[in-house]
Amino acid sequence: MTQTTTPPQQQPAPREVRTPEGGPSLVSRAVRALLTQRIVLLAALLVIILGWMTALDQGGYLTGAYDADYLSSALVDAVPLCLLALGELVVIVSGRGGIDLSIGAIVSLTGMVFGFAYGRWGWSLWLSIVLAVVVGGLLGAINGLLVAYLRFPALIATLATYYAFKSLALVITNSTPISDKRIGELYSITSSVEIPLIGGGLPNVPLGIFTFLIPTVVVVWLLTARTTFGRRLFAIGTNDIAAEWSGLDVRRTRFAAYVIAGVIAGLVAVYISGQFASARPDAGTSGNGLALPAITVAVLGGVAITGGIGRVAGVVLATVLITWLNAGILLAFTGNNGTQFQLLALGTVLIFAALLNGLTARRYGGSR
C-alpha cells in the first residue's frame, strides 16, 4: 500500500491592498511614498516635530518660546551642518565605502590658516577666503590620494588624517585661538537680515543662509545633477567595476569627490571663524566634532552609505529637521541635559535612517 504525502502549503506572499477598482489603496500609496520618496518622509517628520514642539510650548513645558523667530535664529547652526553634509554626500555617493571622518579636522586646520592670513598677516578678506578654500582642497586631495589611488579603506584613511590635521591645528598656534580685531568683526556674517522681496512680514534669517548656504547648495546640485561629472560620480558609486569597464576614470572621479569635500570644509572654516569671532584650533573637532553630525544628516537625507544614491534636496531638508529638533530639545531640558539629549536624538535618528535605507533597498530597490 503506497502512502502519499501532501506537500506543505506555502504561505502566499503578502499582496498590496487594492481598491475595488483594482488600484492600490490610498494607505498603500501613502506608505510607498513615505518609504521611497525621502523628501516626503522628511517633510512628514518635520511637520510632526513642529507640531509636537508647538504643543509642548503651548502647554508651558518649554523654557522659552518655540516660535518662528526662534526657529529662524536657530538656522545659524544649520549653515555649517548642511555644508559639511553636502561634502559628505559627494564623498559617500562615490562608493567603495566612501566617507570622510576628517572633514571636521579640515575645518579646524583651514580655519587656523584663514586666521593667520586675515587676522595676523593683513591679507584682504577675499584673498584669505581663497586661501582657505585652496588649503581645504589640498587637504581633501590627501584623502583622495589615499583612498582613490593608494586604495586605502576610506574609514582608515580619513581617520588617520583626522588625527593628523587635528594635531597640526593645535600645534601651529600652541592650542590658542586667533582672536584679532579683524576676525572679531566677521561676527556680522551671522547676523539676521530680512528676506529680499518677501521678507516684510517674515522673521529675519541669518545672513550666512544667503552668502554661504544657498550658493553652495546650488553649485553642488548643478555639479551632481546637471554635469557629466555628476553622472560619473553616481556611476562609480553604483558599480565602480562596471564604470571602469565602460571607460570611466574611476580613480580620478573619486579623488575629485574628496577634493570637493575639502573645498566645502574650507568655506565652513571661514563661516565658523565669523560665528565664534575667532579662529579656533578645535572649531571642527571639539566635543563630538562636526563630521559625525554631518554624516548623520547625509544618511537621514537619503544618501546610501553603500554609494550611488543621494539627493541635495534630501540633505537640505534633513538639516532643517535636525536643527529644529535640536532647538526644541534645548528648550525642553535645562542645563547640560539638553546637549546630552541632542546626542541621544542624533544617534536614534542615525539608526532609524540606516534601517529605513536598508528596508527601502530590499523592498523597493532604494529611495529617491
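Residue indices follow the written sequence of each chain, beginning from 1 at its first position. For a predicted model such as this one, the threshold for reporting local features is a pLDDT of at least 70, and the threshold for listing and counting side-chain atom pairs is 80 or more; totals across whole chains, interfaces and linings nevertheless cover every residue. With hydrogens and water set aside, each side-chain value is computed from the structure's full complement of heavy atoms.

1. A closer look at the overall build of the protein chain
Going along the chain from the N terminus, every DSSP run of H or I of four or more residues is numbered as a helix, and every run of E of two or more is numbered as a strand. Per the secondary structure count, the protein chain includes 15 helices and two strands. Evaluated residue by residue, the protein chain yields a buried proportion of 46% over its 368 residues. Contact between two residues is taken to exist if any of their heavy atoms lie within 4.5 Å; hydrogens are not considered. Nonlocal contacts in the protein chain, meaning residues at least 24 apart in sequence, comprise 73% of its contacts between residues at least 6 apart. Note on areas: Shrake-Rupley with a 1.4 Å probe; residue coverage comes only from the protein chains shown. By element, 65% of the accessible surface of the protein chain is carried by carbon and sulfur atoms, the whole surface being about 18,400 Å². Throughout this description, buried means an accessible area under 20% of the type-specific maximum (1.4 Å probe, protein chains only), exposed means over 50%, and partly exposed covers the range between.

2. Concerning unusual backbone geometry
At Asn174, a position not held by glycine, the phi torsion is positive, near 60°. Residue class for Asn174 comes out exposed when judged on its relative accessible area of 65%.

3. Focus on the pattern of salt bridges
Any carboxyl oxygen of Asp or Glu within 4 Å of a side-chain nitrogen of Lys or Arg constitutes a salt bridge here. A complete count under the given rule lists three salt bridges for this structure. Two residues, Asp180 and Arg120, come together in a salt bridge whose shortest N-O distance is 4.0 Å. Linking Asp180 in the loop between α7 (154-171) and α8 (181-184) with Arg120 in helix α5 (residues 103-120), this pair joins segments that are 60 residues apart in sequence. Residue classification places Asp180 among the partly exposed residues on the basis of a relative accessible area of 24%. Since its relative accessible area comes to 48%, Arg120 is described here as partly exposed. The salt bridge partner of Arg280 is Asp282, with a shortest N-O separation of 3.2 Å.

4. Description of a nonpolar patch on the surface
Residues with no salt bridge and a relative accessible area higher than 30% make up the patches, which join like charges within 9 Å and nonpolar side chains (Val, Leu, Ile, Met, Phe, Trp, Tyr) within 5 Å. On the surface, Trp121, Trp123, Leu127, Val130, Val134 and Leu138 cluster together into a nonpolar patch covering about 590 Å² of accessible area. Tracing the backbone through its elements, the reader meets Trp123 in the loop between α5 and α6 (125-149).

5. Re the environment of Ile260
Note on placement: Ile260 falls in helix α12 (residues 250-276). A residue is classified by how much of its surface remains accessible, and Ile260, at 18% relative accessible area, is buried. Put simply, Ile260 and Gly144 are 116 residues apart on the chain and 9.9 Å apart in space, counted from C-alpha to C-alpha. If we skip the residues at most four places from it in the chain, Ile260 touches Val90, Leu223 and Phe229.

6. Section: the nonpolar core
Among the buried residues, those of types Ala, Val, Leu, Ile, Met, Phe, Trp, Tyr and Cys that are joined through side-chain atoms within 4.5 Å form a nonpolar core. The biggest cluster of nonpolar side chains holds 95 residues, and the ones touching the most others in it are Tyr66, Leu300 and Trp324. Here this core takes 13 residues from helix α4 (residues 78-93), the largest share from any one element. If we skip the residues at most four places from it in the chain, Tyr66 touches Ile49, Leu50, Met53, Thr54, Asp57, Leu71, Trp324, Ala327, Gly328 and Leu331.

7. A few points about the confidence of the model for the protein chain
Per-residue confidence from the predictor is given as pLDDT, running between 0 and 100. Averaged over the protein chain, the pLDDT score is 88; the fraction of residues at 70 or greater is 90%. This model gives residues 1-8 a pLDDT under 50, and the stretch forms zero contacts once residues within four places in sequence are excluded. The low-confidence segment residues 10-16, where pLDDT is below 50, has two contacts with residues more than four positions distant or belonging to other chains.

8. Details of α6
Its 25 residues place the ends of α6 35 Å apart at the C-alpha level, agreeing with the 36 Å of an ideal helix rising 1.5 Å per residue. The positive-phi residue at the C-terminal boundary of α6 is Arg151, with phi of around 60°. A helix's residues, less one, multiplied by 1.5 Å, set its expected span.

9. So, helix α13 (residues 291-300)
Within an α-helix, residues lying three or four positions from one another point in the same direction, as the helix has 3.6 residues per turn. Within α13, nine of the 10 residues are buried, which leaves the element mostly enclosed by the surrounding structure. When α13 is considered as a whole, its buried residues turn out to be Ala291, Pro293, Ala294, Ile295, Thr296, Val297, Ala298, Val299 and Leu300. Gly302 lies just past α13 and shows a positive phi near 105°.

10. Details of the packing of α4 against helix α9 (residues 208-225)
The angle between two axes is taken between their N-to-C directions and runs from 0 to 180 degrees, where each axis is a line fitted to C-alpha atoms and a helix contributes only its stretch in contact. Interaxial distance between α4 and α9 falls to 10 Å at its minimum, and their mutual angle equals 15°. Relative to α9, the element α4 lies roughly parallel. Here α4 and α9 pass one another in a crossing that is left-handed. In contact with Val79, Cys82, Leu83, Leu86, Leu89 and Val90 of α4, α9 contributes Gly208, Ile209, Phe212, Leu213, Thr216, Val217, Val220 and Thr224. Gly counts as polar in this scheme, as do all residues outside two lists: the nonpolar Ala, Val, Leu, Ile, Met, Phe, Trp, Tyr, Cys and Pro, and the charged Asp, Glu, Lys and Arg. Here the contact of α4 with α9 is composed, by residue class, of 11 nonpolar, three polar and no charged. By the definition adopted for this analysis, an angle is roughly parallel if under 35 degrees, roughly antiparallel if over 145, roughly perpendicular if from 65 to 115, and oblique otherwise. Note on convention: the crossing is left-handed when the near helix lies turned anticlockwise from the far helix by less than a right angle, right-handed when the turn is clockwise.

11. Digging into the packing of aromatic side chains
By convention, a stacked pair of Phe, Tyr or Trp rings (six-membered ring in the case of Trp) has centres within 6.5 Å and planes under 30 degrees apart, an edge-to-face pair has planes over 60 apart, and any other such pair is tilted. Using the criterion set out here, one finds eight aromatic pairs in the structure. Ring geometry for Phe114 against Tyr118: centres 5.8 Å apart, planes inclined by 15°, an arrangement best described as stacked. Residue Phe114 and its partner Tyr118 are both found in helix α5; the two are separated by four residues, about one turn of the helix. The burial state of Phe114 is the same as that of Tyr118; both residues are buried. An angle of 65° between the planes, with centres 5.3 Å apart, marks the rings of Tyr162 and Tyr163 as edge-to-face. Look at Tyr162 and you get buried, because its relative accessible area is 18%. Overall, the relative accessible area of 52% leaves Tyr163 in the exposed class. Here the aromatic cluster, defined as three or more aromatic residues joined through ring pairs, consists of Phe116, Trp121 and Trp123. Sitting over a ring, as applied to charges here, requires NZ of Lys or CZ of Arg to be within 6 Å of the ring centre and within 35 degrees of the ring normal. In this structure, Arg182 is placed above the aromatic ring of Tyr118, and the distance from its NZ or CZ to the ring centre is 4.1 Å. The lysine or arginine in question, Arg280, covers the ring of Phe276, its NZ or CZ lying 4.4 Å from the ring centre.

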